[in-house]
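The primary structure of each chain is shown beneath.
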Amino acid sequence: MIRIIDAHKTFNANNANKSIALNGINLDIINGQFIVLLGSNGSGKSSLLNSISGSFLLDSGQILIDGQNLTNKLDFERSHLIARLFQNPLYGTASELSIIENFRLASLRIASKKLKIGLTNEFRDVVKERVAILKLGLENRLDTPIGLLSGGQRQALTLLMATMCDTKVLLMDEPVAALDPRSAEIVMSTANEIINKFKITTILVTHRMKDAIEYGNRLIFMNQGKIEKDFNEVEKGKLKLVDIINWF
């Protein structure tokens, strides 16, 4: 479970550019829950993700994952629990390295991984099987430098790398905003399949109303650093696209 207790974060507190990013957030997320997080620009969505990942520390409040108090832990100290998928498809991969080498780096992210992390035949077979899920033919191009691939292909591979190491929490910050429609559909449908199969606790920030309706089993709407609306799976299932649009 993720538990966020009275989380506060203000940027530029002592000058004219003061911005209250999180204003007393209290949130419990049960294991395996897939939350879609909506809100206008500046509502605090990405700040909430960044506070969970450890990209910055809270001014006050607490963050716990499975009972571990991570409030004062930096991002690299939380990386064994948390994986991220960013908006920019160039993040999360090393352009000059091959697909298989990028997967090896991803496997090094946590020490408890049971899979051998050298470039062995066993490792290659596992990666090939995982990449084949995408149905893009990339399983036959594992030695291709990842920098030669399209943004959509890289984002799809980044998703697989982010979730291959017994990840507890997956944070996705507008992961398909920079992709063409076909690539966006591949990334989101693959993410949904992996999340449901492995019961990964997930938070998706998106501005795509279609995805907000189609994916996830809980929907939260943020405004001015606060949680304004919170719908469970049954309530979310009754929402229509026009309802969500009217919130903005």
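This write-up is about the structure you can find in this document. Everything numeric in this text was worked out from a predicted model, so none of it was measured. (Residues numbered from 1 in each chain as written. Predicted model: local features only at pLDDT ≥ 70, side-chain atom pairs only at ≥ 80, totals over all residues. Heavy atoms only, no water.)

With eight bridges joining them, strand 1 (residues 2–11) and strand 2 (residues 19–29) adopt antiparallel strand pairing. Within strand 2, the position partnered with Ile 2 by the bridge is Ile 29. When strand 1 meets strand 4 (residues 60–65), the two strands line up antiparallel, connected through five bridges. Considered in strand 4, the bridge of Ile 4 is made with Ile 63. (Pairing = 2+ DSSP bridges. Helix = DSSP H or I, 4+ residues; strand = E, 2+ residues; numbered from the N terminus.)

In space, the six strands of this open sheet follow the order 6-7-8-3-9-10, with mixed pairing throughout. In the strand order of this sheet, the two ends are held by strand 6 (82–85) and strand 10 (226–231), each with one partner. Averaged over neighbouring strand pairs, the angle between their axes works out to 20 degrees when direction is ignored. Pairing between strand 7 (residues 169–173) and strand 8 (residues 201–205): five bridges, direction parallel. In the sheet register, Asp 173 faces strand 8, and the bridge partner there is Val 205. The sheet strands contacting helix 1 (residues 45–53) are strand 3 (34–38), strand 6, strand 7, strand 8 and strand 9 (218–223), and the helix crosses strand 7 at an angle near 150 degrees. Where helix 6 (residues 181–198) meets the sheet, it contacts strand 3, strand 6, strand 7 and strand 8, and its direction lies at approximately 165 degrees from that of strand 7. (Axes fitted to C-alpha atoms, helices over the stretch in contact; angles between N-to-C directions. Contact = heavy atoms within 4.5 Å.)

This next bit is on the nonpolar core. Of all hydrophobic cores here, the largest spans 47 residues; its most connected members are Leu 38, Phe 103, Val 131, Leu 157, Leu 170, Met 172 and Trp 247. Residue contributions to this core peak at seven residues, all from helix 6. Leave out the neighbours within four places in its chain, and Val 131 touches Phe 103, Leu 138, Glu 139, Leu 142, Leu 157 and Leu 160. If you look at the next biggest cluster of nonpolar residues, it comprises 24 residues, including Ile 2, Leu 22, Leu 48 and Ile 203. (Core = buried A, V, L, I, M, F, W, Y, C linked by side-chain atoms within 4.5 Å. Buried < 20%, exposed > 50% of the residue type's maximum accessible area, 1.4 Å probe, protein only.)

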